[in-house]
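# Chains, contacts and geometry: an overview
These are the residues of each chain, in order.
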Amino acid sequence: MTADDMLGRLDDDDYPAYTMGRAADMLGTTQGFLRALGEARLITPLRSAGGHRRYSRYQLRIAARARELVDQGTPIEAACRIIILEDQLEEAQRINAEYRRAAEGVKTPPGD
């Protein structure tokens, strides 16, 4: 892999660029918190060749949202469920918007 390929991957939100320690530092939380999010199946970090957890920027945004909810007093299991439901709602709204755009594009012929 060339240096250009590696730099391009760093712009990828799904590229697992962050170690568990770095991710915890960035979020201002503990590694145990990140492990708990994994156990709750909110995020599933990829593993390096040596078996170490690696997190993407996308996963860090989800973990930051979970931390926000937990800091507000929400139990971690409930916070994970809330985030999953928020994600499902967002996806449903996106699909509905696509259907609406498609329906608006279909015109009823005159005289019908």
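Residues numbered from 1 in each chain as written. Predicted model: local features only at pLDDT ≥ 70, side-chain atom pairs only at ≥ 80, totals over all residues. Heavy atoms only, no water.

## Things to note about the overall build of the protein chain
Convention followed: The numbering of helices and of strands both runs from the N terminus, where a helix is a DSSP run of H or I of at least 4 residues and a strand a run of E of at least 2. We call a residue buried when its accessible area falls under 20% of the maximum for its residue type, exposed when it is over 50%, and partly exposed in between, using a 1.4 Å probe and counting protein chains only. Contact between two residues is taken to exist if any of their heavy atoms lie within 4.5 Å; hydrogens are not considered. Here, Shrake-Rupley sampling with a 1.4 Å probe gives the accessible areas, and only protein chains in the shown set may cover a residue.
Assigned secondary structure in the protein chain consists of 5 helices and 3 strands. Tracing the protein chain from N to C terminus, the helices and strands come up as α-β-α-α-β-β-α-α. Put simply, the protein chain has 112 residues, and 21% of those count as buried. Taking contacts inside the protein chain between residues at least 6 apart in sequence as the whole, the part at least 24 apart equals 56%. Of the roughly 7900 Å² of accessible surface on the protein chain, a fraction of 51% belongs to carbon and sulfur atoms.

## Some thoughts on the sheet that holds strand β2 (residues 46–47)
Formally: The criterion for strand pairing is that DSSP finds at least two bridges linking the strands in question.
Pairing is antiparallel in the open sheet, where 3 strands are placed in the order β1-β3-β2. With one partner strand each, in any of the chains shown, β1 (18–19) and β2 form the two edges of the open sheet. Where β2 and strand β3 (residues 53–55) come together, 2 bridges link them in antiparallel fashion. If you follow Arg47 over to β3, its bridge partner there is Arg53.

## Observations regarding unusual backbone geometry
Excluding glycine, most residues fall at negative phi; most peptide bonds, likewise, are trans. The residue Arg41 is not glycine, and still its phi comes out positive at about 65°. By the secondary structure assignment, Arg41 is in the loop between α3 (31–39) and β2. By relative accessible area, which is 69% here, Arg41 ends up exposed.

## Brief notes about the packing of helix α4 (residues 57–71) against helix α5 (residues 76–105)
Short version of the rule: Angles run from 0 to 180 degrees between N-to-C directions of axes, and those axes are lines fitted to C-alpha atoms, restricted for helices to the stretch in contact. Working rule for angles: under 35 degrees goes down as roughly parallel, over 145 as roughly antiparallel, 65 to 115 as roughly perpendicular, anything else as oblique. Whether a crossing is left-handed or right-handed is set by the direction in which the near helix is turned from the far one by less than a right angle, anticlockwise for left-handed and clockwise for right-handed.
One can describe the packing of α4 onto α5 by two numbers: an axis separation of 9 Å at closest approach and a directional angle of 125°. Viewed along their axes, α4 and α5 adopt a mutual orientation that is oblique. The interaxial crossing formed by α4 with α5 has right-handed handedness. Along its contact with α4, which presents Tyr58, Ile62, Arg65, Ala66, Leu69 and Val70, the element α5 presents Ile76, Ala79, Ile82, Ile83, Glu86 and Asp87.

## Some thoughts on the environment of Ser56
Structurally, the position occupied by Ser56 is in the loop between β3 and α4. Residue Ser56 is classed as buried on the basis of its relative accessible area of 2%. As a C-alpha pair, Ser56 and Thr44 span 12 residues in sequence and 10.0 Å in three-dimensional space.

## Details of α3
Think of an α-helix as turning once every 3.6 residues; residues three or four places apart then point the same way. As a reminder, the rule being used: Starting at the helix axis, one direction is taken to each C-beta atom, and the arc is that of these directions.
Taken together, the buried positions of α3 are Phe33, Leu34 and Leu37. Looking straight down α3, one finds its buried side chains confined to an arc of 100°; they lie on one side. Taken together, the buried residues of α3 touch α2 (20–27), β3, α4 and α5. Immediately downstream of α3, the backbone of Arg41 shows phi near 65°, a positive value.

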